[in-house]
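Residues per chain, in single letters:
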Amino acid sequence: MPKRYWLLKSEPAVFGIDRLAAEPGARSAWTGVRNYQARNFMRDDMRIGDRAFFYHSSCARPGIAGIVEVTREAFPDPTQFDPSSEYFDPGASVERPRWLCVEVRLVRKTRPIGLEELRTHPELAGMGVLRRGNRLSIQPVDAAEWRFLCERLAAAEPA
DNA sequence: GCCAACGTTGGC
DNA sequence: GCCAACGTTGGC
């Protein structure tokens, strides 16, 4: 099974890339996803070893901030059971969980790649995050788009 | 704050 | 099951 690529959105005011970096082992459960399409991507398609861009949304400079790797496949999102969590779902139970999360590990922070930069590359025109009105917080990324962006990053960050 | 997009809810 | 109203996302 070939590795897949993703884009994971997070609001830096809620959980930014530096928060992930500060977690033990730079790992964290990716909780709080409350959209069925995004949940199904995690449940059906996300596998250990898949890689994703960590994307900052709803902030002054939205864009890619780093690269993460999936380290645990989908399991029940514990925040749905926690009445004190803003992600609490009274319709979910431990016996019948509704929402899932995966665990990710920060591979590395990257230089910020803003939306405006992403838009300058015709190679990336198909990316969901560039579509206006896009709201999906977990999006698949084509292998060609992934490769293109990694090459751009490598060019800007000579070893 | 505005507004486009679009998912969810609820009356029928 | 339809669909209008409503709520949320997210860039600007």
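Look up: the structure comes first, before these words.
The present account deals with the structure reproduced in this document. (Residues numbered from 1 in each chain as written. Chains lettered and ligands numbered in written order. Predicted model: local features only at pLDDT ≥ 70, side-chain atom pairs only at ≥ 80, totals over all residues. Heavy atoms only, no water.)

### Things to note about the pattern of salt bridges
Piece 1. Under the defined criterion, the tally for this structure stands at ten salt bridges.
Piece 2. Put simply, lysine 109 and aspartate 18 hold a salt bridge, and the shortest N to O gap is 2.7 Å. In this pair, lysine 109 sits in strand S5 (residues 100–114) while aspartate 18 sits in helix H2 (residues 17–22), placing the two residues 91 residues apart along the sequence.
Piece 3. Looking at aspartate 18, the relative accessible area reads 48%, which means it is partly exposed.
Piece 4. A salt bridge links arginine 98 to aspartate 89; the shortest N-O distance between them is 3.0 Å.
Piece 5. Salt bridges linked by common partners bring Arg51, Glu69 and Arg105 together as one network. (Salt bridge = Lys/Arg side-chain N within 4 Å of Asp/Glu carboxyl O. Helix = DSSP H or I, 4+ residues; strand = E, 2+ residues; numbered from the N terminus. Buried < 20%, exposed > 50% of the residue type's maximum accessible area, 1.4 Å probe, protein only.)

### Overview of the protein's contact with DNA strand B
Piece 1. Residues in close proximity to DNA strand B include Tyr36, Arg132, Gly133 and Arg135, which together make up its full environment.
Piece 2. Those atoms of DNA strand B that come within 4 Å of the protein belong to sugar or phosphate at a rate of 74%.
Piece 3. Note that a sugar or linking oxygen of DNA strand B is positioned 3.4 Å from one of the side-chain N or O atoms of arginine 132.
Piece 4. Per-class residue counts for the surface near DNA strand B are one nonpolar, one polar and two charged. (Near = heavy atom within 4 Å. Polar contact = N/O pair within 3.5 Å; in protein donor to acceptor, adjacent residues only side chain to side chain. Nonpolar A, V, L, I, M, F, W, Y, C, P; charged D, E, K, R; others polar.)

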